[in-house]
Amino acid sequence: MISLTSPVETRAHAWPAGAKLGGLCLATAALFYLDSLALIAAVAVLILTLYSLPGRSFMASGLRRLARLWPFLIVVIAWAAIEGRPAHGLGIALRMISAVALANLVTMTTRLTDMVDVVAFLCRPFRRLGLQTRALEIAIALVIRMTPVLLDRAEDLMQAWRARSRRRPGWRIILPFTLLAFDDAERVSEALKARGGLIPNKET
């Protein structure tokens, strides 16, 4: 698997993964307690500033990943405008983009193996009770890694559709996208089986 960690080194790369994930949880929770639109906008500007500090390459890479959110943001803002609460919709959109931007920032500055180590540490009490937690650890790692892969698949399908038709792809790409997802899942499953599977072998 290709790591999602940015090759552009930042100070945050050296910070402990547990501290960054814990801070992400606290910051996201605090973000949704803010009521002032001005404060929410200020947080969004602050996060954008954090993206700009490591340089243009880092910022451009991060913003490209966030650009995939624009359809959801438009729907939220449009729905709120229809209900006559445009400021409320803008606040929700800013919260959404800020929360995802923070999560993306953590992902870009944290190795996937370090994230898995944090999950393994949190699951340690359950292992002491005799429960197998390896499947959970691998599942979380796969979600983190495969989500952007699936988004790229969807984008490729939409581009292929636009190259062949003037009509919008819409629901028409759902079936091929599902088949591609199943194909990727099968390949990952085969790779895991080739490496011993999810349950460690107890035989000696």
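Basis of the calculations
Residues numbered from 1 in each chain as written. Predicted model: local features only at pLDDT ≥ 70, side-chain atom pairs only at ≥ 80, totals over all residues. Heavy atoms only, no water. Helix = DSSP H or I, 4+ residues; strand = E, 2+ residues; numbered from the N terminus. Buried < 20%, exposed > 50% of the residue type's maximum accessible area, 1.4 Å probe, protein only. Contact = heavy atoms within 4.5 Å. Core = buried A, V, L, I, M, F, W, Y, C linked by side-chain atoms within 4.5 Å. Phe/Tyr/Trp six-rings, centres within 6.5 Å; stacked < 30°, edge-to-face > 60°. Salt bridge = Lys/Arg side-chain N within 4 Å of Asp/Glu carboxyl O. Axes fitted to C-alpha atoms, helices over the stretch in contact; angles between N-to-C directions. Parallel < 35°, antiparallel > 145°, perpendicular 65-115°, else oblique. Left-handed = near helix turned anticlockwise from the far one by under 90°. Nonpolar A, V, L, I, M, F, W, Y, C, P; charged D, E, K, R; others polar.

Caption draft 1: Up close: the environment of Thr107. Inspection of the secondary structure puts Thr107 in helix α5 (residues 86-108). Judged by relative accessible area, which is 17%, Thr107 ranks as buried. When the C-alpha positions of Thr107 and Ile144 are compared, they lie 8.5 Å apart, and in sequence the two are 37 residues distant. Setting aside anything within four residues of it in sequence, one finds Thr107 in contact with Leu4, Thr5 and Met115.

Caption draft 2: Expanded view of the nonpolar core. Ranked by size, the top nonpolar core spans 11 residues in total: Leu24, Ile47, Tyr51, Phe58, Leu66, Ala101, Leu102, Leu105, Val106, Met108 and Met115. Where this core is concerned, the elements lending two or more residues are α2 (37-52), α3 (56-66) and α5. Per element, the largest residue contribution to this core is 5 residues, and it comes from α5.

Caption draft 3: Focus on the packing of aromatic side chains. The final tally for this structure, using the stated rule, is 1 aromatic pair. Measuring from ring centre to ring centre gives 6.2 Å for Tyr51 and Phe58, while their planes differ by 45 degrees; the resulting arrangement is tilted. Residue Tyr51 is classed as buried on the basis of its relative accessible area of 1%. Taking the relative accessible area as the measure of exposure, Phe58 reaches 1% and is therefore buried.

Caption draft 4: Summary view of the pattern of salt bridges. Using the criterion set out here, one finds 4 salt bridges in the structure. Of the charged contacts in the structure, one is a salt bridge between Asp184 and Arg153, with a shortest N-O distance of 2.9 Å. In this pair, Asp184 is assigned in helix α9 (residues 174-194) and Arg153 in helix α8 (residues 134-164), connecting sequence segments 31 residues apart. One salt bridge in this structure joins Arg187 and Asp183, with 3.1 Å as the shortest N-O distance. One end of the pair is Arg187 and the other is Asp183, both in helix α9 and 4 residues apart, which spans about a single turn. Asp183 gets classed as partly exposed once you look at its relative accessible area, which sits at 31%.

Caption draft 5: Quick look at the packing of helix α4 (residues 70-82) against α5. Close contact between α4 and α5 brings their axes to 7 Å; oriented N to C, the two are set at 160 degrees. Between α4 and α5, the interaxial angle falls into the category roughly antiparallel. Crossing angle aside, the handedness with which α4 passes α5 is right-handed. On α5, the residues touching Phe72, Leu73, Val76, Ile77, Ala80 and Ala81 of α4 are Pro86, Gly89, Leu90, Ile92, Ala93, Met96 and Ile97. Grouping the constituent residues of the contact of α4 with α5 by class yields 12 nonpolar, 1 polar and no charged.

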